[in-house]
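Observations on the three-dimensional arrangement
Listed below are the residues making up each chain.
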Amino acid sequence: MKAKFDISVDVERSLVRMTMSGFFSSEDIAQFVIARDEAHHLLRCRANEHLTLVDIREMDIQAQDSVVAFQRVLADPSKVSKRLAFVVARSLARMQIKRAADSRDASYFSEVDEAEHWLLHG
C-alpha cells in the first residue's frame, strides 16, 4: 500500500497528531519530515514541550532502510516531544517502531483514546 500520512496540531493542548499508513520510501519519509516541521511551526509552546500521538495501526512492515531513516527522524533532538505515544497494531510493525524509537522514551498503546489520555494526563 502506498504511504499516506496526516498531521494535525491542537495548538491549545500543544498536541501533534499523526496518522501514518502504507509502505514508506525514502522520498515519502522526506515529505513526512517536511510536513512534520511545518506542523511544529504552528505550535506556540516552547521547543520540545509539545506532545506527540502517532497512530501507525495501518502502517505496513517497512524495509530496513526505512526503519533506519525513521530512527534518524526520531533521534533529532530539535524535534523531540515532551511525551510520545504510538498507537500500534499487534504485529511485526510494532517491533519495528520500537526499534526505530529506541532513542526515545515512548509509550505504546492499542487505542487512540488510551494514548491521548496518557499524553494529556499521565
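The notes below deal with the structure included here. (Residues numbered from 1 in each chain as written. Predicted model: local features only at pLDDT ≥ 70, side-chain atom pairs only at ≥ 80, totals over all residues. Heavy atoms only, no water.)

Positive phi is not limited to glycine here, since Ser14 has a value of about 55 degrees. Relative to the elements of secondary structure, Ser14 occurs in the loop between strand E1 (4-10) and strand E2 (15-22). Positioned with a positive phi, Asn48 is a non-glycine residue whose angle comes to about 65 degrees. Note on placement: Asn48 falls in the loop between helix H1 (26-42) and strand E3 (51-59). Asn48 gets classed as partly exposed once you look at its relative accessible area, which sits at 28%. (Helix = DSSP H or I, 4+ residues; strand = E, 2+ residues; numbered from the N terminus. Buried < 20%, exposed > 50% of the residue type's maximum accessible area, 1.4 Å probe, protein only.)

The pairing of E1 with E2 spans seven bridges and is antiparallel. By the bridge assignment, Asp6 is partnered in E2 with Thr19. A loop of four residues connects E1 with E2, the two strands running antiparallel in sequence, and Ser14 in this loop sits at a positive phi of about 55 degrees. (Pairing = 2+ DSSP bridges.)

What follows concerns the pairing of strand E4 (residues 83-87). Counting buried residues along E4, five of its five residues qualify, which places the element largely inside the surrounding structure. Here E4 shows two buried faces, one formed by Arg83, Ala85 and Val87 and the other by Leu84 and Phe86. Relative to E4, E3 is paired through five bridges, and the arrangement is parallel. Following the sheet pairing, Val54 is matched in E4 by Phe86. Chirality of the crossover, the property in question, places the unit of E3, helix H2 (residues 64-75) and E4 among those that are right-handed. As defined by bridge partners, E4 adjoins strand E5 (residues 106-109) across four bridges and the pair is classed as parallel. (Right-handed = clockwise from strand over helix to strand, strands pointing away.)

Okay, empty space enclosed by the protein next. Here the idea is plain: a probe the size of a water molecule rolls over the atoms and shows the empty space left. The full count for this structure, using the stated rule, is one cavity of 30 Å³ or more. When its volume is computed, the largest cavity comes out at roughly 330 Å³. Along its surface, the largest cavity is lined by 27 residues, and Phe32, Phe70, Leu74, Phe86 and Ile97 are the ones closest to its centre. Counting residues per element, the ones that place at least two in the lining of the largest cavity are E2, H1, E3, H2, E4 and helix H3 (92-100). Along the lines of polarity and charge, the residues of the lining of the largest cavity split into 16 nonpolar, six polar and five charged. (1 Å grid on protein atoms, 1.4 Å probe; cavity = no way out; pocket = protein on both sides within 12 Å on 5 of 7 lines; lining within 4 Å. Points joined across faces, edges and corners; volume = space filled by probe spheres on them. Nonpolar A, V, L, I, M, F, W, Y, C, P; charged D, E, K, R; others polar.)

For the rest of this paragraph, the subject is the side chain of His50. Among the secondary structure elements, His50 is positioned in the loop between H1 and E3. For His50, a relative accessible area of 3% translates into the label buried. His50 has contacts with Ser14, Val16, His40, Leu43, Cys45, Lys79, Val80, Ser81, Lys82 and Arg83, leaving out every residue within four places of it along the chain. (Contact = heavy atoms within 4.5 Å.)

Looking now at the pattern of salt bridges. For side chains bearing opposite charge, pairing can occur when the charged atoms are close. In this structure the tally under the stated criterion is seven salt bridges. Among the salt bridges present, the one from Asp10 reaches Arg13, with a minimum N-O distance of 3.7 Å. Residue Asp10 is classed as partly exposed on the basis of its relative accessible area, which comes to 23%. Residue classification places Arg13 among the partly exposed positions, given a relative accessible area of 40%. Between Asp37 and Lys79 there is a salt bridge; the shortest N-O distance is 3.7 Å. Of this pair, Asp37 sits in helix H1 while Lys79 sits in the loop between H2 and E4, and the two are 42 residues apart along the sequence. In this structure, a network of salt bridges that share partners links the residues Asp10, Arg13, Arg17 and Glu116. (Salt bridge = Lys/Arg side-chain N within 4 Å of Asp/Glu carboxyl O.)

Remember that the coordinates give geometry; whether it matters functionally is a separate question.
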